[in-house]
Every structure is written in C-alpha cells, then in structure tokens.
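For reference, the chains in residue letters:
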Amino acid sequence: MYQQMIFVNLATSDLEAAKTFFTKLGYTINPQFSDDTAASVVISDTIFLMLLTEEKYAQFTKKEIVDATRSSEVLLALSAESREKVDELVGKAVAAGGSVTGETQDHGFMYGRAFDDLDGHTWEVVWMDPAAVQG
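It should be emphasised that the depicted structure is a prediction, and the values quoted were computed from it without experimental measurement.

**Regarding the sheet that holds strand E8 (residues 122-128)**
- Ordered in space as E5-E8-E7-E6, the four strands form an open sheet in which the pairing is mixed. The open sheet terminates on both sides in strands that have one partner only, identified here as strand E5 (75-79) and strand E6 (99-106). Adjacent strand axes in the sheet meet at a mean angle of 20° when their direction is disregarded.
- Relative to strand E7 (residues 110-116), helix H3 (residues 83-95) is tilted by about 10°, and along the sheet it contacts E5, E6, E7 and E8.

In structure tokens, the structure reads:
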C-alpha cells in the first residue's frame, strides 16, 4: 500500500545552527538532498523537514517570508508513543536551544507540550491513549 509522505519546508536564518538543533533531537540529515542552502532532515520514513536558507526559500514563493519569532504561520504537530516521549523530545529541544511554548495539555487520554525551534517555528508533541482513539 502506498504511504503518502510529507515534506515540510521551513525557512531558517542559520542553516548550520538549525541542522545542529534537529540532530540534537535525534533526527538525521540526508546528505543526498542537502547542500549549503538546504538540509533534508529525516524525521521518520514518511516525514521530512526541508530546512532552507531564507534566500533559497524565497525562490519558491513570491510572498513575504514570515518571521516566526513574531508571527505564527503554521503549527507543526508530531505524535509521540508515550507521555514520557513527549517530555523527552521537548527536553531535548530545550537543551538544544529551543524554548517551551504554551501550556502543557493533559486531558488524561491525551497529553501534549510544545516548543519553538531556533527560528521560532512551533512544534507540538502529542501522545494519545490508543484505547481512547479506538473508541
């Protein structure tokens, strides 16, 4: 069965710092699709983050590039396999220079926290109880 993939493209003001940040979260850089203007971050078999210098990003849009430290353009959400993994990933993000954003969401069957990366993009990390999802 075909598994659809997602390629999230984000502008970064410092490509090397962004690459370091995401590798500290445990993700890898695919050198085949990376150069001095872009880095392909492998999040999973079907999720890829393309970090693009602002100059490179501007080649794909005629719109103004949002300063994510001041304006919200997108909220990115990643699933986690447990509450502990939510805390672990947010902890790694903070240790790598990111910052916690928003309030912890704890609804018993669902638990989530969020962090901002070095460029201000907000990443939510969420765990849901599989039994609650099944109904």
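**Looking at the packing of aromatic side chains**
- One pass over the structure, following the stated rule, counts four aromatic pairs.
- Through successive ring pairs, a cluster of aromatic residues spans Phe 21, Phe 22, Phe 115 and Trp 123.

**Here we look at the sheet that holds strand E1 (residues 6-12)**
- Spatially, E1-E4-E3-E2 is the arrangement adopted by the four strands of the open sheet, whose pairing is mixed. Each edge of the open sheet is held by one strand with a lone partner, namely E1 and strand E2 (28-30). Pairwise comparison of adjacent strand axes, ignoring direction, gives a mean angle of 30° for this sheet.
- For E2 and strand E3 (residues 38-42), the ladder comprises three bridges, and the chain directions are antiparallel. Paired with Ile 29 across the strands is Val 41, a residue of E3.
- Sheet contacts for helix H1 (residues 15-24): E1, E2, E3 and strand E4 (47-53); angle to E4, the most-contacted strand, approximately 155°.

**Comments concerning the pairing of E5**
- Of the two faces of E5, the one lined by Leu 76 and Leu 78 is fully buried and the one lined by Leu 75, Ala 77 and Ser 79 carries no buried residue.
- Sheet analysis places E5 next to E8, joined by five bridges and oriented parallel. Paired with Leu 78 across the two strands is Val 125, which belongs to E8.

**Points about the side chain of Asp 117**
- Looking at the element boundaries, Asp 117 is found in the loop between E7 and E8.
- Among the polar contacts listed, one links the side chain of Asp 117 to the backbone nitrogen of Asp 119, at a separation of 2.9 Å.
- At a separation of 3.1 Å, a polar atom in the side chain of Asp 117 contacts the side chain of Trp 123.
- Setting aside residues up to four positions removed in sequence, Asp 117 forms contacts with Leu 10, Phe 21, Phe 22 and Trp 123.

**Description of the nonpolar core**
- In terms of nonpolar packing, the biggest core is built from 26 residues, with Phe 22, Leu 25, Tyr 27, Leu 49, Leu 51, Phe 115 and Trp 123 touching the most fellow members.
- When neighbours within four sequence positions are excluded, Tyr 27 is seen to be in contact with Phe 22, Val 41, Val 42, Ile 43, Leu 78 and Leu 89.
- Judged by nonpolar contacts, the second largest core, of five residues, contains Ala 11, Ala 38, Met 50 and Leu 52.

**Brief notes about H3**
- Taking 1.5 Å per residue, 13 residues should reach 18 Å; H3 reaches 18 Å between its end C-alpha atoms and fits that length.
- Every buried residue of H3 is listed here: Val 86, Leu 89, Val 90 and Ala 93. Considered in projection along H3, the buried side chains sweep an arc of 95° and stay on one side of the axis. For H3, the exposed residues lying more than 90 degrees away from the buried face are Glu 84 and Ala 95.
- Its buried side turned inward, H3 meets H1, E5, E6, E7 and E8.
- Where H3 terminates, the next one or two residues include Gly 97, which has phi positive at roughly 110°.

The rules behind these values
- Residues numbered from 1 in each chain as written.
- Predicted model: local features only at pLDDT ≥ 70, side-chain atom pairs only at ≥ 80, totals over all residues.
- Heavy atoms only, no water.
- Pairing = 2+ DSSP bridges.
- Helix = DSSP H or I, 4+ residues; strand = E, 2+ residues; numbered from the N terminus.
- Axes fitted to C-alpha atoms, helices over the stretch in contact; angles between N-to-C directions.
- Contact = heavy atoms within 4.5 Å.
- Phe/Tyr/Trp six-rings, centres within 6.5 Å; stacked < 30°, edge-to-face > 60°.
- Buried < 20%, exposed > 50% of the residue type's maximum accessible area, 1.4 Å probe, protein only.
- Polar contact = N/O pair within 3.5 Å; in protein donor to acceptor, adjacent residues only side chain to side chain.
- Core = buried A, V, L, I, M, F, W, Y, C linked by side-chain atoms within 4.5 Å.
- Expected span 1.5 Å × (residues − 1).
- Arc of directions from axis to C-beta.

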